[in-house]
Amino acid sequence: MEAMGSVNNASFKVLADTVASQIDVHIPYGGVFPALAKREHLKNLPIVLEKTLRKARLDKKAKPVDVIAVTYGPGLEPALWTGIVFAKELAEKWQIPLIPVNHMEGHLLSVFGKNVGVFKIPKVTMPALALLVSGGHTEIVLIKRWMDYKIIGQTLDDAVGEAFDKVARMLGLPYPGGPEISKLADQARKSPPRPSGTPPSQRGEKISLPRPMLHSKNFDFSYSGLKTAVLYLIRDLGGLEKLSQKTKMQIALEFENAAIECLIHKTKKVIEKYEIKTIIVGGGVSANKYLRTEMKKLAGRAKGRASKNIKPLFPTKELSTDNSLMIGIAGYLNYQKNNKKVPKPSSIKAAGNLKL
Ligand code: KG4
Ligand code: ZN
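A.B. asks: Got a minute to help me understand the packing of helix α6 (residues 177-190) against helix α9 (residues 245-274) in this structure?
C.D. replies: Axis angle and axis distance: for two packed helices, these are the angle between their axes and the distance between the axes, and together they describe the pair. Where α6 meets α9, the axes come as close as 7 Å, and the angle between the chain directions of the two elements is 105°. Accordingly, the angle class assigned to the pair α6 and α9 is roughly perpendicular. Across the interface between the two elements, Ile 181, Ser 182, Leu 184, Ala 185, Gln 187, Ala 188 and Arg 189 of α6 pack against Gln 245, Lys 248, Met 249, Ala 252, Leu 253, Phe 255, Glu 256 and Asn 257 of α9. The residue inventory of the contact of α6 with α9, partitioned by class, reads 8 nonpolar, 4 polar and 3 charged.

A.B. asks: Explanation requested: the coordination of the zinc ion (ligand 2) in the structure shown.
C.D. replies: For a metal with four tetrahedral donors the ideal donor-metal-donor angle is 109.5 degrees, whereas six octahedral donors ideally subtend 90 or 180 degrees. Distances from the zinc ion (ligand 2) to its protein donors, His 103 (NE2), His 107 (NE2) and Asp 322 (OD), fall at 2.0 to 2.2 Å. Each donor residue of the zinc ion (ligand 2) belongs to the same chain, with the gaps between them written as H-x3-H-x214-D. Here His 103, found in helix α4 (residues 103-109), pairs with Asp 322, found in the loop between α11 (317-320) and α12 (325-337); they are 219 residues apart in sequence, far enough to count as distant.

A.B. asks: I would appreciate a short explanation of the domain arrangement of the protein in the present structure.
C.D. replies: A common way to express how large an interface is: the accessible area buried when the components associate. Taken domain by domain, the protein consists of domain 1 (2-115 + 318-347) and domain 2 (128-192 + 206-315). One C-alpha centre belongs to domain 1, the other to domain 2, and the line joining them spans 28 Å. Listed as interface residues are 24 residues of domain 1 and, on the opposing side, 23 residues of domain 2. For the pair domain 1 and domain 2, the summed buried surface comes to about 1900 Å²; carbon and sulfur atoms form 74% of the total. At the boundary of domain 1 and domain 2, one finds 6 residue pairs in polar contact (both at pLDDT 80 or more). Breaking the side of domain 1 that touches domain 2 down by element, the ones donating at least two residues are α1 (23-26), α4, α11 and α12. Ranked by residues supplied to the side of domain 1 that touches domain 2, first place goes to α4 with 5 residues.

Quick notes on the rules
- Residues numbered from 1 in each chain as written.
- Chains lettered and ligands numbered in written order.
- Predicted model: local features only at pLDDT ≥ 70, side-chain atom pairs only at ≥ 80, totals over all residues.
- Heavy atoms only, no water.
- Axes fitted to C-alpha atoms, helices over the stretch in contact; angles between N-to-C directions.
- Helix = DSSP H or I, 4+ residues; strand = E, 2+ residues; numbered from the N terminus.
- Parallel < 35°, antiparallel > 145°, perpendicular 65-115°, else oblique.
- Contact = heavy atoms within 4.5 Å.
- Nonpolar A, V, L, I, M, F, W, Y, C, P; charged D, E, K, R; others polar.
- Donors = N, O, S within 2.8 Å, 3.2 Å for Na, K, Ca; no water.
- Domains from an automatic or database assignment.
- Buried area = accessible area lost by both parts, 1.4 Å probe.
- Polar contact = N/O pair within 3.5 Å; in protein donor to acceptor, adjacent residues only side chain to side chain.

In structure tokens:
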């Protein structure tokens, strides 16, 4: 990626973009298996580097880039370390600065990116809120000034993406579960209701799941109770083998409705309290179609009131789930913000629980 301009006026040109997915390796485990993640990173990093430099027509022997950005947290530390060590070696070999990046800031800034061509960071109307929803995080960030973040709400237990993955597993769907649940829920939303004369046994079960903390006074979330409610529901229905496709669809629908309703409701409360002008939605779950639809509706309703003019921003599909481009954007902006000062590479360490 080529980048230029200041923190408030940066523009980027993508020279090449590569994503190495590990999903196939983790499918048999129904989730990310840490030791395997590390092994796969070790194997894939040199391959991805070669491929990307070749696509970008850069010579790896000469100094091909001026700076490197690397994510140091939050996340699985063994996997983070693999990236950090690899980036340190390159920074040393090419004698260039190394910029440590917070993975969640990458997700937040991903809404401004494109994975091909040229893009600019637009002026964002403040205050903004960022709803960051991934496999490990569910948080609402208040942004009153550009690149100044305050977490005002978060999950007290499981992340929403994790709940999608676990419920998918309970329904016998493959990892990652988010897109699978979403597909089933969509089918259920589109299927016509049964005529009223249908015998109860053929109408399908009436599924109802809780919306944990929906009416709590804060902006926090909880997803472990919702996940457990699905577990008990499936048990009460006689176990996974007893579920018809129709019932699975209805569970997926009700789960997605419940999970997304909590996100939308807390976002609405934050919009009202802080008179939010821009909504940013980032992280893997931001790929969810129903979340996007409901968030646009929410923004539209708020827009209709008084003088508010709210804009919801989402990443492109490619930049919704983990990618290095968002780390590049966040790296460059932080480099500019810190007047090109970077920490000593030896001081950069993996931080599994790093906060924004
Ligand atoms: O940001 P991400 O790629 O990795 C983390 O940083 O965790 O997020 C991955 C998460 C997984 O839990 C996955 O199931 C979820 O994002 N996800 C979705 C969708 N696509 C990915 N969840 C709901 N609906 C989707 N369409
Ligand atoms: Zn992520």
